[in-house]
Amino acid sequence: MQLRWTEQGADDLGNIVNYLLEHAPEHADRIARTIYNAPASLLTFPYRGRLGRKEGTRELVLLPLPYIVVYQVREEIIYIVRILHAAQEWPNSGEQALAPAE
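An account of the accompanying structure is given in this report.

Thresholds, definitions, all that
Residues numbered from 1 in each chain as written. Predicted model: local features only at pLDDT ≥ 70, side-chain atom pairs only at ≥ 80, totals over all residues. Heavy atoms only, no water. Pairing = 2+ DSSP bridges. Helix = DSSP H or I, 4+ residues; strand = E, 2+ residues; numbered from the N terminus. Salt bridge = Lys/Arg side-chain N within 4 Å of Asp/Glu carboxyl O. Buried < 20%, exposed > 50% of the residue type's maximum accessible area, 1.4 Å probe, protein only. Core = buried A, V, L, I, M, F, W, Y, C linked by side-chain atoms within 4.5 Å. Contact = heavy atoms within 4.5 Å.

This part covers the pairing of strand 3 (residues 58–61). When a strand is regular, its side chains alternate between the sheet's two faces. In this sheet, strand 3 lies alongside strand 2 (residues 50–51) in antiparallel orientation, the contact comprising two bridges. Looking at the pairing, Leu51 lines up with Arg58 of strand 3. If you look at the hairpin formed by strand 2 and strand 3, you'll find six residues sitting between the two strands, and Gly56 has a positive phi there, around 90°. When strand 3 meets strand 4 (residues 67–74), the two strands line up antiparallel, connected through four bridges. Considered in strand 4, the bridge of Glu59 is made with Val70. Hairpin connection between strand 3 and strand 4: a loop of five residues separates the two successive antiparallel strands.

Next comes the structure, spelled out in structure tokens:
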């Protein structure tokens, strides 16, 4: 198994880090590392997350943090598609949520 971040997933993490640096700088590093490292567990158990709200995805809830890792499993690759705050409305109509086809 391999783990790959899509551009949108990486952008989401960057946006979360920027928000944390502005609003909770004392916690930003710890939370960013927790979010970044969480998908590694999927390499051993790729289907451990719940079924996603968007067809073809799964969701790894990062309790006690309010974040959700949206991912897809395709053959031997796990794609991190989005990192969402639990309060975000998702999926939005017309939003492309799937990893790019290879």
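For the bond running from Leu63 to Pro64, omega is 10°, close enough to zero to count as cis. Looking at the element boundaries, Pro64 is found in the loop between strand 3 and strand 4. Not every positive phi belongs to a glycine, and Glu75 is a case in point at roughly 50°. Along the chain, Glu75 falls in the loop between strand 4 and strand 5 (77–85).

The tally for this structure, following the rule as stated, stands at four salt bridges. The partner of Arg50 in a salt bridge is Glu59, and the shortest N-O contact between them spans 2.8 Å. Residue Arg50 is classed as partly exposed on the basis of its relative accessible area, which comes to 41%. Taking the relative accessible area as the measure of exposure, Glu59 reaches 1% and is therefore buried. Among the ionic pairs, Glu59 bridges to Arg53, the shortest N-O distance being 3.1 Å. Look at Arg53 and you get partly exposed, because its relative accessible area is 40%. The structure contains a network of salt bridges with shared partners spanning Arg50, Arg53 and Glu59.

Quick look at the nonpolar core now. In this structure, Ile35, Leu62, Tyr67, Tyr71 and Ile80 are the most contacted members of the largest nonpolar core, which totals 18 residues. Where this core is concerned, the elements lending two or more residues are helix 1 (7–23), helix 2 (25–37), strand 4 and strand 5. Sort the elements by how many residues they give to this core and strand 4 lands first, with four residues. Apart from residues no more than four positions distant in its own chain, Ile80 is found in contact with Leu3, Arg4, Trp5, Thr6, Gly9, Pro39, Leu42, Val69, Val70 and Tyr71. Residues Val70, Ile77, Val81 and Trp90 belong to the second largest nonpolar core, which totals seven residues.

Moving on, we come to the environment of Ile68. Assignment of secondary structure puts Ile68 in strand 4. With a relative accessible area of 5%, Ile68 lands in the buried category. The spatial distance from the C-alpha of Ile68 to the C-alpha of Arg82 is 8.1 Å, given a sequence separation of 14 residues.

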